[in-house]
Amino acid sequence: MAENNNVAEDCAAHSLTKLRLLCHALLGQATRAGIPLDHLMDIYLTTAYGKLDVRGGEEYRELAACANSANKPCRWRRWVAGAMVVLALSFVFNSYSDILIRLKNDFITSKCIVRNNYFVMEATRPRTRCERVCRGVSGPADLSANISRAEFEEWAYLSRPLLVRRGAAHWLALDKFSVAFFRSVYDSIEGSYDAVADDCQFLPFRTEFVDLRAALAMHPARAARLPGTPHWYFGWSNCSPGVSTILRQLAPRPAFLPLHSESSALDWIFMGSEGPGAAWHLDYVQRPSWQAQISGTKTWHFRPVPECQQVCQPFNVTVNKGDIIFVDTNQWYHMTYIHEGELSITIGSEYD
Ligand SMILES: O=C(O)CCC(=O)C(=O)O
């Protein structure tokens, strides 16, 4: 049977073929000369390592050296291939080093291969029940500020935006909250900035502020929104119990929230000047939220989630000072815009 020569002309096949032919010749000669196979292997190995074994005769040493050199024509190719692999690996590592390092750190710190992000959350969120949440909804349900707990409970968990006009109009916060007020509260309670930085969240939106301390320490001209100073908008959740006590005295939870609904201890505050607020997003939090407009005017834009876009429609709601809006931010894409006039300040929380 003819030998198959339809083999790719690669280094390994080439060397093996040469070695096999040489070994065949070597073996034949050694057998004819009465030299045992293990002695022949000694000659080959010592030659291959550059030491000459005197046990081998000149002739066999040449044969063994020949067998050893059978690989030589291909060595440079192996070196080139090796160098290319090293180059390719270093290119991959340089290009993706950030990702690889982040994956490694995520794995070490959280034992998760992939850190949670919007793609992961969007891919894993439960589907919205469009019939219940948004079909036929073209605006918030307007509820009276005198609504009873029992009446409110019928609306509270439908995930439809609700608006209680003047629901917070009597809160003391309306006369108190300002940049200077928050700065003096946080400055006066030791560890309060650290509590926000360590255990809560600061959202700089489109500002350069790195944390709440830096944001509240902004130049007074900018805080006062004087002409020529840059737009600012930021938000944070509060994790300082001392600050929370003060805030809740001035901005209590809405009185008509169901009694059995545990008020979250986490307050969210958003404040800023005329212009864009939060960009379009969906939240992945546990519960629906309320937010009281303490000063200024803000428009919320709502869009249904993708699976509901055939049957539901987008709409806007403008919230004025003293109003309370209720939104299930897990079910509605939302963005906000601050109107000209008073500084916009809101406080809110989740409820269940
Ligand atoms: O109040 C705002 O401007 C943004 C609020 C928001 O995006 C949220 O609560 O998820």
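Everything discussed here concerns the structure shown above.
To keep things clear, this report deals only with the structure shown in the data block. Treat the numbers as computed from the prediction; the structure is a model and nothing was measured.

Description of the site of the ligand
Surrounding the ligand, one finds Phe270, Gly277, Ala278, Asp283, Ser289, Thr329, His334, Thr336 and Thr346. Of the residues belonging to the shell around the ligand, the class tally is 2 nonpolar, 6 polar and 1 charged.

Focus on the environment of Ala145
Tracing the backbone shows Ala145 in the loop between β1 (141-143) and α7 (149-156). Taking the number of C-beta atoms within 10 Å as the measure of exposure, Ala145 has 17 and is therefore partly exposed. In sequence terms Ala145 and Phe256 are 111 residues apart; their C-alpha atoms lie 8.7 Å from each other. Those residues in contact with Ala145 that lie beyond four places of it in its chain are Val164, Arg165, Arg166 and Gly167.

Remarks on the nonpolar core
In terms of nonpolar packing, the biggest core is built from 41 residues, with Ala292, Ile324 and Ile325 touching the most fellow members. With residues near it in sequence (within four places) discarded, Ile324 still touches Val164, Gly167, Ala168, Pro254, Trp290, Gln291 and Ala292. In terms of nonpolar packing, the next biggest core, distinct from the first, is built from 5 residues, Val133, Val137, Cys308 and Cys312 among them.

Observations concerning helix α9 (residues 179-188)
If you check which residues of α9 are buried, you get Val179, Phe182, Val185 and Tyr186. Down the axis of α9, the buried side of the element spans an arc of 135°, and every buried residue falls inside it. Of the residues in α9, the exposed ones pointing more than 90 degrees away from the buried face are Ala180, Ser184 and Ser188. Tucked inside the fold, the buried residues of α9 contact α10 (192-199), α11 (212-216), α12 (220-223) and α13 (241-250).

A look at the pairing of strand β5 (residues 267-272)
Counting buried positions over the 6 residues of β5 gives 6, a clear majority of the element. Where strand β4 (residues 233-238) lies against β5, 6 bridges are found, and the strand directions are antiparallel. From the neighbouring strand, Phe234 faces β5, where its bridge partner is Met271. Looking at chain direction, β5 and strand β12 (residues 344-350) are connected through 5 bridges and run antiparallel.

Basis of the calculations
- Residues numbered from 1 in each chain as written.
- Predicted model: local features only at pLDDT ≥ 70, side-chain atom pairs only at ≥ 80, totals over all residues.
- Near = placed C-beta within 6 Å.
- Nonpolar A, V, L, I, M, F, W, Y, C, P; charged D, E, K, R; others polar.
- Helix = DSSP H or I, 4+ residues; strand = E, 2+ residues; numbered from the N terminus.
- Buried ≥ 20, exposed ≤ 12 C-beta atoms within 10 Å, placed from the backbone.
- Contact = placed C-beta atoms within 7 Å.
- Core = buried A, V, L, I, M, F, W, Y, C linked by C-beta atoms within 7 Å.
- Arc of directions from axis to C-beta.
- Pairing = 2+ DSSP bridges.

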